[in-house]
Amino acid sequence: MRLPGTNLDLDLDLLHGGHVDFGKLNVHQLVVRRQETWITLGLAFLFLLACFCLFSNLGQGSLFNNDDAIYGSLIWRLHHSPHSIFAQLGWRQPLYYLLLYVSTWIFGVNELGLRMVAAISGMLVLIVTYWMGLRLYRDRRVALVAALVMMASLLFYLFTRRVRGLDITLLLFIELSVLFGLAAFDEPKHWITAGLFAGLAVLTKSVVGLVPVAVLGFAVLAMRRWDLLRRWQTYAGLGVAAAVSSLWPLMALTHGNAAGIWQHFIFHVGKRAMTMVVSRHDTSFYYFKMLWGFEGLLGIFFL
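Predicted, not measured: the structure shown is a model, and the values here were computed from it.

Q: Looking at this structure, how should I read helix α9 (residues 190-205)?
A: Residue pairs three or four apart in sequence face the same way in an α-helix, which turns once every 3.6 residues. For α9, built from 16 residues, the straight-helix expectation of 22 Å at 1.5 Å per residue is met to within 8% by its first-to-last C-alpha distance of 23 Å. Burial within α9 is extensive, with 12 of its 16 residues counted as buried. Within the sequence span of α9, burial applies to His190, Trp191, Ala194, Gly195, Phe197, Ala198, Gly199, Leu200, Ala201, Val202, Leu203 and Thr204. Structurally, α9 contributes buried residues whose contacts are with α4 (95-107), α8 (166-183), α10 (211-223), α11 (232-245) and α12 (247-254). Downstream of α9 by a residue or two, Ser206 has a phi angle that is positive, lying close to 55°.

What follows is the structure, given as structure tokens:
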């Protein structure tokens, strides 16, 4: 029961003879306020912990592995010949590299500048994870726990401190797309924003960025929201996602890099997903077996 003129939900035991027992009500309000205070303190703790873990000594230490060195070398070459961006990037999706270019333009072509994009993306992922929990469960405690669980993930921490942290940036765009997509269930105008972030996810790591489309499509089917299929905003969002995703291939084609686009779809998307071309310790269709094996099904269950 909600007390008229307030946002306070009352339990039935606060009623006595059809009237509100204000003695119990004051205790209930005190408990609620204490819970809100602890949640606020928890958010402050999470923020300080994230700042310490993600940004402390970020510019110290050598690069993690060969992948980090390759990324750093490519950005160094872009600074010296930015006009050859299509030749330098080749088949790679451009967004993360452009963010690295901006970061190193500000902080310099060094460990700090190369790692800053992943660290900032990680901080934003924690914020979006909190808002996702709040959106799904309408409970600040659940949202706080979700963000803390993300922060406690070892792989999350490691990738936010690497030069090759595009998976964290990819996760950020995927989460934003799903978050706005869920909001579009109530306000269809958000489909366009969801489509924008899905397109940015594709520009970060190719077809993996289409995960929000699959997740939101499944949600529409599971919730039987057929009315959404009759709204023009839904198709406008898909159009925005397609338009943003196609920006780089079209620009590459107009600059004579058709070979790079062909290599991207044949090698990076096709062969890497379905063969042992990158020395996976398994047979063909490695990614599909991983997705539908025990680990994949377990991950889908928790998702």
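Q: Help me understand the nonpolar core in this model?
A: One finds Tyr71, Ile75, Leu89, Tyr96, Met151, Phe156 and Leu200 to be the most contacted residues of the largest nonpolar core, which totals 57 residues. Those residues in contact with Leu89, other than ones at most four positions away along the chain, are Leu74, Leu78, Pro94, Tyr97 and Trp248.

Q: Please clarify how the packing of aromatic side chains should be interpreted in this entry.
A: Here a ring pair, both rings aromatic, is described through the centre-centre distance and the interplanar angle of the planes. A complete count under the given rule lists 7 aromatic pairs for this structure. Taking the centre distance of 6.3 Å and the plane angle of 65° together, the rings of Tyr71 and Tyr96 count as edge-to-face. Residue Tyr71 is located in helix α2 (residues 66-80), and its partner Tyr96 is located in helix α4; the two are separated by 25 residues in the primary sequence. Using a relative accessible area of 9% as the deciding quantity, one classes Tyr71 as buried. Note on Tyr96: relative accessible area 0%, which makes it buried. Through pairs of rings, three or more aromatic residues link up here, namely Tyr71, Tyr96 and Tyr97.

Thresholds, definitions, all that
- Residues numbered from 1 in each chain as written.
- Predicted model: local features only at pLDDT ≥ 70, side-chain atom pairs only at ≥ 80, totals over all residues.
- Heavy atoms only, no water.
- Helix = DSSP H or I, 4+ residues; strand = E, 2+ residues; numbered from the N terminus.
- Expected span 1.5 Å × (residues − 1).
- Buried < 20%, exposed > 50% of the residue type's maximum accessible area, 1.4 Å probe, protein only.
- Contact = heavy atoms within 4.5 Å.
- Core = buried A, V, L, I, M, F, W, Y, C linked by side-chain atoms within 4.5 Å.
- Phe/Tyr/Trp six-rings, centres within 6.5 Å; stacked < 30°, edge-to-face > 60°.

So, to be careful, I would describe these as geometric facts and stop short of saying anything about function.
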